[in-house]
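# Residue-level structure breakdown
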Amino acid sequence: GKGRYVKRPLEPESVRDARQLMLPLFCAERAWAFAMQLKRENTQQEARPHYHLLARLAKAAEWSAKLAALCAERADQRTDLEAKAYSAFMHGNVALERENWAPALASFKSTATICTELARVTMAEQAALYKQVAAEVEPSIRFCSYNLRRLGGEEVSDETDAMGDDVDGLAGASDILRSKLEQVLAETRAKQAESLTEVVVLGERIPLRTDKTRLGYSAVQQALLEVQRCEEGGGKEAGDKADKGDDLLALYDKLFVACNDALDSVRLELRETKKREQSAKSGAAEASLL
């Protein structure tokens, strides 16, 4: 007959087929995908979508922990380690979004350690996947270490140098880390722009009066620095040279965009200056007639 559905928890002793382990995995991935959708859509950093994002990330971490617990009881050693690395990654992203740097660092390090060791003892095809995951969490590890050093009072020699490479090399990293790094870079450039009042061109000191002009000049300097780094640190093999060429093209494109934005801000500042001068002259002429 028609009975009421009763949800039964998936216990380790009831797992008799590997496909049953897909249930918590699919639930974790669904929550994670929804969280990433909310992250991309919340461009204005509104509070309600952010709370919803945190709830979805926490749910993904909860399901990943259930998956790890089931694998610890019913799966083989390799699957058990993979589930532990997966769960650590999910918990690390929750801590990263909440800016709990120490727990995030510990979780990401756990993921990197497990994947590195699995890559060392497995065949080449599977080892490449483990190495890819370890490489993807490496920027998160550096970013958490950077914030812990900064909160601990340690000085960072050049914040822009420390974090600039990470933003441009995050093709495989999470949207959470990318957004955090972009916020840090924006804050760093704003601080640099505050102290930048003039530039020297052909021996002549030229003042930078507006914040937009100062930020544009800082962005050009940063893009130039990244081009110099790429030119100095390329590989020697043919494949490395091809990759270096592609990276240089992308960096030069970024440099041209930064230069164009800086020129636009300078042109705008010149137009506004001319308007102020004309209004001042007209005011002085009217005063002389009186």
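Quick look at the side chain of Ser 64 now. The topology assignment puts Ser 64 in helix 2 (residues 47-74). The exposure class assigned to Ser 64 is buried, which follows from its relative accessible area of 0%. Looking at Ser 64, its side chain comes within polar contact range of the main-chain oxygen of Ala 61, at 2.7 Å. Apart from the residues within four sequence positions on either side, Ser 64 is in contact with Ala 28, Tyr 86, Ser 87, Met 90 and His 91.

End to end, helix 4 (residues 101-121) covers 31 Å across 21 residues, agreeing with the expected 30 Å (1.5 Å per residue, within 8%). Within helix 4, burial applies to Trp 101, Ala 104, Leu 105, Ser 107, Phe 108, Thr 111, Ala 112, Ile 114, Cys 115, Leu 118 and Ala 119. For helix 4, the secondary structure elements touched by its buried residues are helix 3 (77-97) and helix 5 (124-151).

What follows is about the pattern of salt bridges. Counted under the stated rule, the structure contains 7 salt bridges. Asp 17 is the salt-bridge partner of Arg 19, the closest N and O atoms lying 2.9 Å from each other. Judged by its relative accessible area of 31%, Asp 17 falls in the partly exposed class. A salt bridge links Glu 62 to Lys 66; the shortest N-O distance between them is 3.6 Å. Taken together, the residues span about one helical turn, with Glu 62 and Lys 66 both in helix 2 at a distance of 4 residues.

Take the environment of Ala 65 next. Of note, Ala 65 is situated in helix 2. The spatial distance from the C-alpha of Ala 65 to the C-alpha of Ala 88 is 8.4 Å, given a sequence separation of 23 residues. Beyond its immediate chain neighbours, meaning those up to four positions away, Ala 65 contacts Ser 87 and His 91.

In this section: the environment of Gly 216. Take Gly 216: it is sitting in helix 8 (residues 211-232). When the C-alpha positions of Gly 216 and Asp 261 are compared, they lie 6.4 Å apart, and in sequence the two are 45 residues distant.

We now examine the pairing of strand 1 (residues 198-201). Within a regular strand, the side chains alternate between the two sheet faces. The sheet contact formed by strand 1 and strand 2 (residues 204-207) spans 4 bridges and is antiparallel. The residue of strand 2 that forms the bridge with Glu 198 is Pro 207. Here strand 1 hands over to strand 2 after 2 residues, with Leu 202 in that stretch at a positive phi of 55°.

For any pair of aromatic rings, geometry is given as the distance between the ring centres together with the angle between the planes. Summed over all chains, the structure comprises 5 aromatic pairs. On the basis of an interplanar angle of 90° and a centroid distance of 5.5 Å, the ring pair of Trp 101 and Phe 143 is categorised as edge-to-face. Of this pair, Trp 101 sits in helix 4 while Phe 143 sits in helix 5; the two residues are 42 residues apart in sequence, bridging distant segments of the chain. Of the two residues, Trp 101 and Phe 143, both sit in the buried class. One aromatic cluster is present, formed by Trp 32, Phe 89 and Phe 108 through successive ring pairs.

Conventions we followed
- Residues numbered from 1 in each chain as written.
- Predicted model: local features only at pLDDT ≥ 70, side-chain atom pairs only at ≥ 80, totals over all residues.
- Heavy atoms only, no water.
- Helix = DSSP H or I, 4+ residues; strand = E, 2+ residues; numbered from the N terminus.
- Buried < 20%, exposed > 50% of the residue type's maximum accessible area, 1.4 Å probe, protein only.
- Polar contact = N/O pair within 3.5 Å; in protein donor to acceptor, adjacent residues only side chain to side chain.
- Contact = heavy atoms within 4.5 Å.
- Expected span 1.5 Å × (residues − 1).
- Salt bridge = Lys/Arg side-chain N within 4 Å of Asp/Glu carboxyl O.
- Pairing = 2+ DSSP bridges.
- Phe/Tyr/Trp six-rings, centres within 6.5 Å; stacked < 30°, edge-to-face > 60°.

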